[in-house]
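Given next are the chains, with one letter for each unit.
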Protein chains: 2
Amino acid sequence: MQQNFHTLDEILSQPDAWEDVIQRVEKDRNRLNDVFRNEEYEEVLFLGCGSSYYLCLSASRVFANFIGRKSTALPSSELLLYPDIYLKRGKSYLIVPVSRSGETSETVNALSYVRESYRIKSFAISCYEESSLLKESDACLILPRASEKSVVMTKSFTSMLLALELAIALSAEANDYYRELQTLPKLGENIIKRYKSFLEDFVKDLGCEQFVYLGSGPYYGLACEAMLKMKEMANLPCEAYHTLEYIHGPKSTANDKTLVCLLYSADERKWEERFLEELASLGTRNLIECEVSMDRIRKLSDLVVEIKSELSDFARGILYMPPLQLLAFYKAVKRNLNPDRPKNLSQVVTY
Amino acid sequence: MQQNFHTLDEILSQPDAWEDVIQRVEKDRNRLNDVFRNEEYEEVLFLGCGSSYYLCLSASRVFANFIGRKSTALPSSELLLYPDIYLKRGKSYLIVPVSRSGETSETVNALSYVRESYRIKSFAISCYEESSLLKESDACLILPRASEKSVVMTKSFTSMLLALELAIALSAEANDYYRELQTLPKLGENIIKRYKSFLEDFVKDLGCEQFVYLGSGPYYGLACEAMLKMKEMANLPCEAYHTLEYIHGPKSTANDKTLVCLLYSADERKWEERFLEELASLGTRNLIECEVSMDRIRKLSDLVVEIKSELSDFARGILYMPPLQLLAFYKAVKRNLNPDRPKNLSQVVTY
């Protein structure tokens, strides 16, 4: 009989959690309309640790694309250690701290420190109603249905990212984008159904012990997060890069035991296409996620994950995550590791 | 008899190259005074690929600290693939492309594309007098003595970074910082003399096959570059993180075969100190670079590299590089690899 894992439950139940996020944002839209639109701040800083930092990387690209004002994603520790690099006295900032628990020490302390010393407003994203982070924040968006029993973040990652994307869409009055995001739960269910056993089988025959995740623009943060899932669950060496950066040095360790996971964009991007030729010459094994596959993608892939969403690059990103989370989960199980009990880690990092 | 390696020559001759950079900037200071000071641009974008991108990460932190205007470091490919995320029409930018050869396709093409479509000025850093990049640039700083025979960048990395730091110091009228940077060649020679054979011996007994490089603020880009050296020369799995990010997931793969290389700052930073306790609990082997060691650093280190420069954090960074380059070089030699001929790589990436 198959063992039950919280992590697997949480990966598979993501579409439900997304549906809850969508309804929650819709109900609250009058308030959320203004969060990113108001003219009080000159720059937005997305702040987090680990998975939440990677979420920030992706959200800040979405923000810059739709809102157009300056945005930066930072590990919370950077603001703690070097505030003067990132904040200037006299300028005004909107800080967006992201923390599943709302208790991550560096994030709570970074916010608490900068609100005393600089002109900032804050808008926090978290999964719990009561937390130290919320006490420090001016406003917040809480997603209780995205909370998790697992140490490793999966459902909470995609749900908190979706919440930010929806809020950005509202503030930018990007109605098409907002409607696209509302279709994600149905599409996500479909992808999980199509690829779950596929990925389980794929991992069974996969000898790879080194994993590389590549993505550009809004997908770079997602590639980092997928890398962290494999590292946390399956305890293997993994790396993530901006797609084309891989050929500037990191490819030196590529071999036939390397699985390259490429988060491919759909909008026509000449340079990303050229990268496929480069990849073909490396002799790695390849998993490519894309909207719809082309001949040249199929030819060089061991597995193609077709999203088939008909969504824009910026709306489709979240759908790339469940297959990569499942890949890490099944790889861990195959290595006789328990994904619910990752080595060295705890649910909340406080110290 | 010991074999001669270009890479080793270039690592060891860095202080000479730095001296040349210092004189070159000093002679040209009337022109360089204004490069970053002029009010024509609202934001600066540092642009590069691979090592040059990591250089940009470090330079952009130095810039933000001293000049105070907004600065961003980007892989050139990000600007090629997603220009609208990073550039807004109507705003004005200073682009600082960095390329050893001046021929890196993505960097040349990114600059050529954005100068047609956006309001930009550019100031290029390179090691060769004639190049496609210079033809596209409004102004430049060329460092012929920093050019290399090797594929792997060492001397060119530190020299181009030093050139940018000096130019930033001039524009910021940061005279103390400028004078500090002028002392680097002498200090660099001293560090190489003190640690060269130490590191050669250290590697002989080092069983580690996994390397982690950690740094914050201006040291994060340096940690990334040190990571890339080990990967390129010794062909081993390596990772780099903002120091405290390591405890948010990546530490899950830490074990007694992991060497953690920490680029420690000297200015008193409470959170970095707490990180030492965390590190002590992981059972990794540790190499710590610091200004002057303390008891707690010595206790948890297999090797301490003391810089002993009496310089500020922002001036001292470049001195952290030669020991880490030597570590990668000797590790490669010990693995019977030729650091002059890294796997899969070429000197210039064009396509």
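Residues numbered from 1 in each chain as written. Chains lettered and ligands numbered in written order. Predicted model: local features only at pLDDT ≥ 70, side-chain atom pairs only at ≥ 80, totals over all residues. Heavy atoms only, no water.

A few points about the packing of aromatic side chains
Across all of its chains, the model carries 26 aromatic pairs over all chains by this definition. An angle of 15° between the planes, with centres 4.2 Å apart, marks the rings of Phe66 of chain A and Tyr177 of chain A as stacked. Within this pair, whereas Phe66 of chain A is found in helix 4 (residues 51-66), its partner Tyr177 of chain A is found in helix 10 (residues 175-182), the two being separated by 111 residues in sequence. Relative to Tyr320 of chain B, the ring of Tyr219 of chain B lies with its centre 4.9 Å away and its plane at 35°, an arrangement referred to as tilted. In this pair, Tyr219 of chain B sits in the loop between strand 6 (210-215) and helix 12 (220-234) while Tyr320 of chain B sits in the loop between helix 15 (313-316) and helix 16 (321-334), placing the two residues 101 residues apart along the sequence. Residue classification places Tyr219 of chain B among the buried positions, given a relative accessible area of 1%. (Phe/Tyr/Trp six-rings, centres within 6.5 Å; stacked < 30°, edge-to-face > 60°. Helix = DSSP H or I, 4+ residues; strand = E, 2+ residues; numbered from the N terminus. Buried < 20%, exposed > 50% of the residue type's maximum accessible area, 1.4 Å probe, protein only.)

So, the relation of the copies chain A and chain B
With an RMSD of 0.0 Å, the operation that places chain A on chain B is a rotation of 180° combined with a shift of 0.0 Å along the axis. What the rotation and shift describe, once combined, is the action of a two-fold rotation axis. Both copies present the same face, since 100% of the interface residues in chain A are matched by interface residues at the equivalent positions in chain B. (Least-squares fit on C-alpha atoms with pLDDT ≥ 70 in both. Contact = heavy atoms within 4.5 Å.)

Considering empty space enclosed by the protein
A complete count under the given rule lists 4 cavities of 30 Å³ or more for this structure. One number sums up the size of the second largest cavity: a volume of about 300 Å³. If you trace the second largest cavity, you find 23 residues lining it, with His248 of chain A together with Arg100, Met153, Gln347 and Val349 of chain B closest to the centre. At the level of secondary structure, the elements contributing two or more residues to the lining of the second largest cavity comprise helix 4 (51-66), strand 3 (92-99) and helix 12 of chain B. The residue makeup of the lining of the second largest cavity, split by class, is 9 nonpolar, 11 polar and 3 charged. (1 Å grid on protein atoms, 1.4 Å probe; cavity = no way out; pocket = protein on both sides within 12 Å on 5 of 7 lines; lining within 4 Å. Points joined across faces, edges and corners; volume = space filled by probe spheres on them. Nonpolar A, V, L, I, M, F, W, Y, C, P; charged D, E, K, R; others polar.)

Structural notes on helix 11 (residues 184-204) of chain A
Residue and element names in this part refer to chain A. Across its 21 residues, helix 11 extends 29 Å between first and last C-alpha, which sits within 8% of the 30 Å expected from 1.5 Å per residue. A bend of about 40° at Tyr195 is the largest found in helix 11. Of the residues making up helix 11, those classed as buried are Leu184, Pro185, Leu187, Gly188, Ile191, Ile192, Tyr195, Leu199, Phe202 and Val203. (Expected span 1.5 Å × (residues − 1). Bend = angle between axes of the 7 residues up to and from the residue.)

Comments concerning the sheet that holds strand 7 (residues 238-242) of chain B
All names here are of chain B. Here we have 5 strands laid out as an open sheet, ordered 7-6-8-9-10, and parallel in their pairing. Taken across any chain shown, the strands that pair with only one partner, and hence form the sheet edges, are strand 7 and strand 10 (303-306). When strand polarity is set aside, the average angle formed by the axes of neighbouring strands in this sheet is 15°. Note that strand 9 (residues 285-290) and strand 10 share 4 bridges and pair parallel. Among the inter-strand pairings, Ile288 is bridged to a residue of strand 10, identified as Val304. Together, strand 6, strand 7 and strand 8 (258-263) form the strand contacts of helix 12, whose direction differs from that of strand 7 by roughly 180°. (Pairing = 2+ DSSP bridges. Axes fitted to C-alpha atoms, helices over the stretch in contact; angles between N-to-C directions.)

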